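Here's the letter readout for the chains.
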Amino acid sequence: MNIMASETDRPRPFIGALAGLLAGAVAVGVGQFVASLGAQNSSPVIAVGSSAIGLAPPAVKNFAISAFGSDDKIALLTGIYVLLGIYAAVVGVLGNRRLNYGLTGIAAFAAVGLAAAATRPGANAGYVIPTLIAAAASAITLILLLRNIPARPQPASTTEKTTSPKPTPPAGKKPSQPASKKPAQPAGQKPAPPGGDWWKPGASSPPRPSATRPVYPDQQRRAFLITGTAAAATAVAGGVAARVFAERGAVTHARADLRFPAPKLLLADRLPSGSDLQIPGLSSFITPNSSFYRVDTAIVLPQVPPENWTLRIHGMVEREIEISFDQLLHRPLIETYVTLCCVSNPVAGPYVGNARWLGASLADLIREARPRAGADQILSTSTDGYTSGTPVQTVLDGRDALLAVAMNGQPLPVEHGFPARMVVPGLYGYVSATKWVTDLKLTTFRAESSYWSQRGWLQQAPVKTESRIDVPNGTGPVKAGQTPVAGVAWAQHRGIEAVHVQVDNGPWQEATLATVPGLDTWRQWVWYWDASPGNHLIQARATDKTGYTQTRVQEPPEPNGASGYPQVQVTVQ
């Protein structure tokens, strides 16, 4: 008696998982390609990633920033792709057992992608198209692959054995010799080839239960390999095409062709002598664009052509304003140095930098709109939907708050907000430094909350007086004798008055300060230490021009910025 069909048709999980992975790759490639023809944020993976950023609690965001820095978006996308790969493999295994299971898994993937895409800022009906087409392509791929996975036959050892008793020969008669086990070959028919491997050409149809190794039809093997190759090629082609279309829509050429008028107010014409102490390992006074920190919520950098950019000022104003980029450039421009700092920066962290900014006065634009009584918040919105809330009074108090268009003598890099962004000295970036800004709404803090305020961060966040030790950095031994202890300190729009250094709980020693062009930049400092052999703890503290001295109380970044003395453990030899 032959083995049962349910055992003979037992599926191969590994091949099912491979089919699922290929179907998932097709979904990603096709989704990215279709999205590249419209809004990149409508890509299923990008939409899900953006939603994940929005839904993640502050503790998770802080961990991502501290662990991965500016590579946090790459880490997020890598995690999404890994999870998607696992999910796709499971869908393939389940689909190989029953096709409806696999199609249900694809439908669930589509539902998540549709929900994420439909809730993107500025989403329209077209945002759901990439996910729908990607899901359809994935389902077709999975069906074509699964239908060509041959069954795996059961080894002969599991066949049922007959229960009929053997006949007993008559007494005195020898039992007849058993007939040959090899069945007679019909005339004109060639012997069947031995069992083979499905992955090898020429494999024959599965033999009867006497086989001990699985064999698969050559036709199905070829069909699976052809379909799988086509699926992989589709996934790769979709990703490459999406990149090509994205690059065509990039603003690289627009940035290169941009020319700015001479600034009317030049506060950054020439740095005062001694602004940079030129100590190896010490952060330079001007942070290069390439190494300036980046912390934002954008997975895909917005590509906004200058000719398509407009800024709207509305809300609690007497006069609504809308200006183009060309009109912005024809306003009186200001060039000045401003240090920016992220609220997620830990004590002595890297998320702070100083640059030369060119832009129009933000205060002048707000005054032209004539804010109504009671308006205390400028709710700024980025082209990707990010929002930030800036105190109106801070912008209007005389500091050089800018709608910036250039950074260190170049058009804003795309990752830093091209074509225009906000720069407000003295406030943490999450309440003052909106990139790709397109909308300013005058409102109240009570009526509306911005992106990070909705997640527990304080609505008004002045930068704290802080310092950092750059030299020595504690990564290697220091030679005995006189050695520089140097770093930077910042208290934007208050200015740094003094920095003191302490070694091993000894007396505080006053450092020498570099010169600065104004109150809104960080300040380099250095103290020369007569280092003795052994292990030492170095601490620093800054005092701003209001007389406030940096606190030793250690506090985490949330909800309004980290605090505490920077410390470095040093071994002197």
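Just above sits the structure.
Residues numbered from 1 in each chain as written. Predicted model: local features only at pLDDT ≥ 70, side-chain atom pairs only at ≥ 80, totals over all residues. Heavy atoms only, no water.

Participant: Can you help me understand the overall build of the protein in this one?
Facilitator: Scanning the protein for helices and strands turns up 12 helices and 19 strands. For the protein, the proportion of its 573 residues judged to be buried stands at 47%. Looking at the protein alone, contacts between residues at least 24 apart form 74% of all its contacts between residues at least 6 apart. With an accessible surface of roughly 28100 Å², the protein has 57% of that area assigned to carbon and sulfur atoms. (Helix = DSSP H or I, 4+ residues; strand = E, 2+ residues; numbered from the N terminus. Buried < 20%, exposed > 50% of the residue type's maximum accessible area, 1.4 Å probe, protein only. Contact = heavy atoms within 4.5 Å. Areas by Shrake-Rupley, 256 points an atom, 1.4 Å probe, with all protein chains shown as cover.)

Participant: It is not clear to me how the sheet that holds strand β16 (residues 512-513) should be interpreted in this structure. Could you clarify?
Facilitator: Within a sheet, neighbouring strands are paired by backbone hydrogen bonds and run either parallel or antiparallel to one another. On the basis of which strands lie adjacent, the open sheet formed by four strands has the order β12-β13-β17-β16 and antiparallel pairing. Looking at which strands have only one partner, the edges of the open sheet turn out to be β12 (466-471) and β16. Sheet topology note: the β16/strand β17 (residues 523-531) ladder contains two bridges and is antiparallel. If you follow T512 over to β17, its bridge partner there is V526. (Pairing = 2+ DSSP bridges.)

Participant: Can you walk me through the pairing of strand β13 (residues 481-490) in this structure?
Facilitator: Within a regular beta strand, the side chains point alternately toward one face of the sheet and then the other, so they alternate between its two faces. Counting buried positions along β13 gives seven out of 10 residues, so the element sits mostly inside the fold. In the sheet, β13 pairs with β17 via nine bridges, with the strands oriented antiparallel. Across the sheet, G487 pairs through a bridge with W525, a residue of β17.

Participant: How should I be thinking about the packing of helix α6 (residues 99-118) against helix α7 (residues 129-146) in this particular structure?
Facilitator: The axes of two packed helices give the description: the angle between them and the distance between them. Closest axis-to-axis distance for the α6/α7 pair is 10 Å, and the angle between their directions is 165 degrees. Relative to α7, the element α6 is oriented roughly antiparallel. Seen along the crossing, α6 lies across α7 with a hand that is right-handed. Touching L99, G102, L103, I106, A110, G113 and L114 of α6 are T131, L132, A135, S138, A139, L142, I143 and L146, all from α7. Of the residues in the contact of α6 with α7, the class split is 11 nonpolar, four polar and no charged. (Axes fitted to C-alpha atoms, helices over the stretch in contact; angles between N-to-C directions. Parallel < 35°, antiparallel > 145°, perpendicular 65-115°, else oblique. Left-handed = near helix turned anticlockwise from the far one by under 90°. Nonpolar A, V, L, I, M, F, W, Y, C, P; charged D, E, K, R; others polar.)

Participant: Is there a simple way to explain the sheet that holds strand β14 (residues 496-503) in this structure?
Facilitator: Strand order in the open sheet made by the four strands is β15-β14-β18-β19, with antiparallel pairing throughout. Where the open sheet ends on each side, the last strands, each with one partner, are β15 (509-510) and β19 (567-572). Across seven bridges, β14 lies against strand β18 (residues 534-544) in antiparallel orientation. Its bridge partner lying in β18, H500 is registered against R541.

Participant: Honestly, empty space enclosed by the protein in this entry has me stumped. Any pointers?
Facilitator: Here the idea is plain: a probe the size of a water molecule rolls over the atoms and shows the empty space left. Counted by the stated rule, this structure contains three cavities of 30 Å³ or more. What the largest cavity holds in volume is close to 100 Å³. Contributing to the lining of the largest cavity are G20, A23, G24, A27, L84, Y87, A88, V91, G105, I106, F109 and S138. For the lining of the largest cavity, the secondary structure elements donating two or more residues are α2 (13-36), α5 (72-97) and α6. Here the lining of the largest cavity is composed, by residue class, of eight nonpolar, four polar and no charged. Taken together, C341, C342, N345, P346, V347, A348, Y428, E466, S467, W490 and A562 make up the full set of residues lining the second largest cavity. Here the lining of the second largest cavity is built from residues that sort into eight nonpolar, two polar and one charged. (1 Å grid on protein atoms, 1.4 Å probe; cavity = no way out; pocket = protein on both sides within 12 Å on 5 of 7 lines; lining within 4 Å. Points joined across faces, edges and corners; volume = space filled by probe spheres on them.)

Participant: Hey, could you run me through the packing of helix α3 (residues 44-55) against α6 in this one?
Facilitator: Put simply, α3 and α6 touch, their axes get as near as 8 Å, and they point 65 degrees apart. The orientation of α3 with respect to α6, classified from their angle, is roughly perpendicular. α3 and α6 meet at a crossing whose hand is left-handed. From α3, P44, A47, V48 and S51 reach across to α6, where they touch F109, V112, G113, A116 and A117.

Participant: In this structure, what is going on with α3? I would like to understand it.
Facilitator: Given 3.6 residues per helical turn, the α-helix brings residues three or four places apart onto the same face. Between the first and last C-alpha of α3 there are 16 Å, a value that for 12 residues agrees with the 16 Å anticipated at 1.5 Å per step. Among the residues of α3, P44, V45, I46, A47, G49, S50, S51 and I53 are the ones counted as buried. (Expected span 1.5 Å × (residues − 1).)

Participant: Hey, could you run me through unusual backbone geometry in this one?
Facilitator: Among all residues except glycine, the phi angle is most often negative; among peptide bonds, the trans geometry is most common. The step from F418 to P419 runs through a cis peptide bond, and the omega angle for that step is 10 degrees. Within the fold, P419 resides in the loop between β9 (410-411) and β10 (421-423). You will see that W436, though not glycine, has its phi angle at about 50 degrees, which is positive. Summarising the element assignment, W436 is placed in the loop between β10 and β11 (437-443). We classify W436 as buried; its relative accessible area is 3%. The backbone of N505 shows a phi angle near 60 degrees, a positive value even though the residue is not glycine. Counting through the fold element by element, N505 comes out in the loop between β14 and β15.

Participant: Got a minute to help me understand the nonpolar core in this structure?
Facilitator: The nonpolar side chains of a soluble globular protein tend to be buried with one another. One finds L311, I313, L328, W357, Y430 and L440 to be the most contacted residues of the largest nonpolar core, which totals 86 residues. Not counting residues up to four positions away in its chain, the partners in contact with L311 are I321, E322, I323, L365, L403, V437, T438, D439 and L440. Counting 20 residues, the second-largest nonpolar core is a separate cluster that includes V485, A491, A511 and I538. (Core = buried A, V, L, I, M, F, W, Y, C linked by side-chain atoms within 4.5 Å.)

Participant: Teacher, can you tell me more about the pattern of salt bridges here?
Facilitator: Two side chains that carry opposite charge are able to pair once their charged atoms sit near each other. This model, assessed by the stated rule, comprises 12 salt bridges. Here R294 makes a salt bridge to D296, at a shortest N to O gap of 2.7 Å. Accessibility assignment for this pair places R294 and D296 in one class, buried. When the shortest N-O distance is used, the salt bridge between R331 and E368 registers 2.6 Å. (Salt bridge = Lys/Arg side-chain N within 4 Å of Asp/Glu carboxyl O.)

Participant: Even after reading the chapter, I still don't get the side chain of S51, so can you show me in this structure?
Facilitator: Turning to its location among the elements, S51 is positioned in helix α3. Leaving out residues up to four positions away in the same chain, S51 has contacts with A116, T119 and R120.

Participant: Could you clarify how one ought to interpret α2 in this entry?
Facilitator: Spanning 24 residues, α2 covers 35 Å between terminal C-alpha atoms, matching the ideal 34 Å at 1.5 Å per step. With 17 of its 24 residues buried, α2 lies for the most part within the structure.

Participant: Any chance you could explain the packing of aromatic side chains here in plain terms?
Facilitator: Given two aromatic rings, their pairing is described by the distance between the two centres and the angle made by the two planes. For the structure on display, the rule yields 10 aromatic pairs. Judged by centre distance (5.7 Å) and plane angle (65 degrees), the ring pair of F285 and Y337 falls under edge-to-face. Taken together, the residues span a long stretch of sequence, with F285 in the loop between β1 (265-266) and β2 (310-315) and Y337 in strand β4 (residues 333-341) at a distance of 52 residues. No difference in accessibility class separates F285 from Y337, as the two residues are buried. An aromatic cluster is defined as three or more aromatic residues linked by ring pairs; in this entry it consists of Y386, Y430, Y451, W452 and W457. One cation-aromatic arrangement involves R455 over Y451; the distance from NZ or CZ to the ring centre is 3.7 Å. When the ring centre of W508 is taken as reference, the NZ or CZ atom of R541 above it lies at 4.2 Å. (Phe/Tyr/Trp six-rings, centres within 6.5 Å; stacked < 30°, edge-to-face > 60°. Lys NZ or Arg CZ within 6 Å of the ring centre and 35° of its normal.)

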